[in-house]
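Take a look at the letters that make up each chain.
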Protein chains: 2
Amino acid sequence: MITNKNCVIRLSRYKNALYRLQSLGFVRVFSDNLADAIGVLPSQVRKDFSLFGITGNKRGGYNIDSLIEKLNTILGKDQLQKVVIVGTGNIGSALMKYKGFEKEGISIAACFDIDPAKINRQAKIPVLPLEELKDFARANQIKIGVIATPDVAAQSALEMMLSAGIKGVLNFAPLRLRAPAEEIVINNVNLELELENVIYFVNALDKTRAA
Amino acid sequence: MITNKNCVIRLSRYKNALYRLQSLGFVRVFSDNLADAIGVLPSQVRKDFSLFGITGNKRGGYNIDSLIEKLNTILGKDQLQKVVIVGTGNIGSALMKYKGFEKEGISIAACFDIDPAKINRQAKIPVLPLEELKDFARANQIKIGVIATPDVAAQSALEMMLSAGIKGVLNFAPLRLRAPAEEIVINNVNLELELENVIYFVNALDKTRAA
DNA sequence: TAGATTGTTAATCGATTAACAATC
DNA sequence: TAGATTGTTAATCGATTAACAATC
């Protein structure tokens, strides 16, 4: 098992670049082209592939179709991934409507909220009471959940997910969730932090120029 | 100038942890406590502080109030940061309504869209035609922009921001933007990719267990 | 064949961790 | 003072980059 997160992220980027090349009619690709497309060095591309046992042809590069297929298998995109979202505030409902996931073979099976006013069983993506999360996730074999609740509700949302058999979480609440690492994969997206980071580097750049 | 992104992200996390400790009534903190709060080692905390010239007291640790102040200065939070958002689709409008930014001293000055139907000059956060971005950003000295447009519009949004004097961009469009690195800081948030990453590690964990 | 590209090994680089002298 | 904690230097670790033999 590869535990380097950056490496897995690069695989996703290669895959995206390959789809673009494919739609332009290309059939083969060299490590050189892929490297340029995602902004790394050619040896990084070959190293990444080597780590996952992906091989090409010396002199002939890689066949785009079969490369896409291999990457999709590695990334679990050979099967539809069903996810649930807990929290239907701003972030939650934006994710619910977001077209990007469907395009990537990710289907939002349902959303959950604690507020009875938000419940809507008839919607294309139903919004259900939080109490039903456990039964729903088990019945539909959901393994992936998104936490888009207010901060204070995030930890308990995680615990409900754990008890519902969910194995992976994308967390948008800006705090550190506590869970046994062997039991669940947590990936945090902290929007304030990302913006703060931009602000820092802009200021730092400014100071460098002034100096 | 510190160019290690991870280090800057940790500073933000320290700051958040410190606010929590402060609200619990604590006055001083040790590298040990901070390390535990954000999940790193104590020597990492001291190393990070040392990189930014932050010092404490041997035996006495760090004073929380003054530590928060120092971190806020470094992170540019001693002044209100005004940002603009281009694109008022799902992501854009979620960000517009998101409470997390205001809490962090980040104010959304305006949003911009190419669709005339979206324009709303009377709203608390006005939605303006894209053509007005340049004048607005210059008049209001906006340095930070968020790209939340469809993929195909992202590169041109970036170029308009560049010409408007914007120096830092948080990009939600899932593609690589091209720009001269010396002129602009770009931070990408790719939601599909983050979710794909969770899916990969869940599958990988599954395989490890099965084996 | 000659030339180009892979796959892998070795070298480099940078970030994290450990260790410990200084000192409150 | 004795004990605990910092600040910094050195050691380790892991990821990226370079180099090059194999070969299509």
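Our structure's up above, just so we're on the same page.
Residues numbered from 1 in each chain as written. Chains lettered and ligands numbered in written order. Predicted model: local features only at pLDDT ≥ 70, side-chain atom pairs only at ≥ 80, totals over all residues. Heavy atoms only, no water.

A. Here's a closer look at the packing of aromatic side chains. Residues and elements named next belong to chain A. One pass over the structure, following the stated rule, counts twelve aromatic pairs over all chains. On the basis of an interplanar angle of 70° and a centroid distance of 5.6 Å, the ring pair of F112 and F136 is categorised as edge-to-face. Of this pair, F112 sits in strand β4 (residues 106–113) while F136 sits in helix α7 (residues 133–139); the two residues are 24 residues apart in sequence, bridging distant segments of the chain. What makes F112 buried here is its relative accessible area of 0%. Taken together, the ring pairs in this structure connect Y14, F49 and Y62 into an aromatic cluster. (Phe/Tyr/Trp six-rings, centres within 6.5 Å; stacked < 30°, edge-to-face > 60°. Helix = DSSP H or I, 4+ residues; strand = E, 2+ residues; numbered from the N terminus. Buried < 20%, exposed > 50% of the residue type's maximum accessible area, 1.4 Å probe, protein only.)

B. Region of interest: the interface of chain B and chain A. Contacts between chain B and chain A engage 68 residues on the former and 69 residues on the latter. When the two sides are added together, the surface that chain B and chain A hide from each other amounts to roughly 6,100 Å², 64% of it contributed by carbon and sulfur. In terms of surface lost to chain A, no three residues of chain B exceed L195(B), E196(B) and Y200(B), which account for 11% of the buried area on that side. For the pair chain B and chain A, the number of links is six salt bridges. Its salt-bridge partner being E196(A), residue K15(B) comes within 2.8 Å of it at the nearest N-O pair. Applying the counting criterion to the chain B and chain A interface returns 16 residue pairs in polar contact (both at pLDDT 80 or more). The element best represented in the side of chain B that touches chain A is helix α9 (residues 191–210) of chain B, accounting for 17 residues. For the side of chain B that touches chain A, the per-class residue count stands at 35 nonpolar, 14 polar and 19 charged. (Contact = heavy atoms within 4.5 Å. Buried area = accessible area lost by both parts, 1.4 Å probe. Salt bridge = Lys/Arg side-chain N within 4 Å of Asp/Glu carboxyl O. Polar contact = N/O pair within 3.5 Å; in protein donor to acceptor, adjacent residues only side chain to side chain. Nonpolar A, V, L, I, M, F, W, Y, C, P; charged D, E, K, R; others polar.)

C. Main features of the protein's contact with DNA strand D. The local shell around DNA strand D holds 22 residues, among which S31(B), R46(B), G56(B), R59(B) and Y62(B) are the closest. Restricting attention to atoms of DNA strand D within 4 Å of the protein, one finds that 66% of them are sugar or phosphate atoms. In the model, a base nitrogen of DNA strand D is placed 3.4 Å from a nitrogen or oxygen of the S43(A) side chain. Every element with two or more residues in the surface near DNA strand D is listed here: α1 (5–23) and α3 (42–51) of chain A together with α3 (42–51) of chain B. (Near = heavy atom within 4 Å.)

D. Region of interest: the pairing of strand β3 (residues 81–86) of chain A. All names here are of chain A. Of all six residues in β3, five are buried, a share of seventy percent or more. Of the strand pairs in this sheet, β3 and β4 are connected by six bridges, and their pairing is parallel. Across the sheet, the residue bridging to V84 is A110, located in β4. Relative to strand β6 (residues 144–147), β3 runs parallel, the two being bridged by four bridges. Note on β6: the bridge partner recorded for V83 is I144. (Pairing = 2+ DSSP bridges.)

On their own, these measurements won't tell you what the molecule is for.
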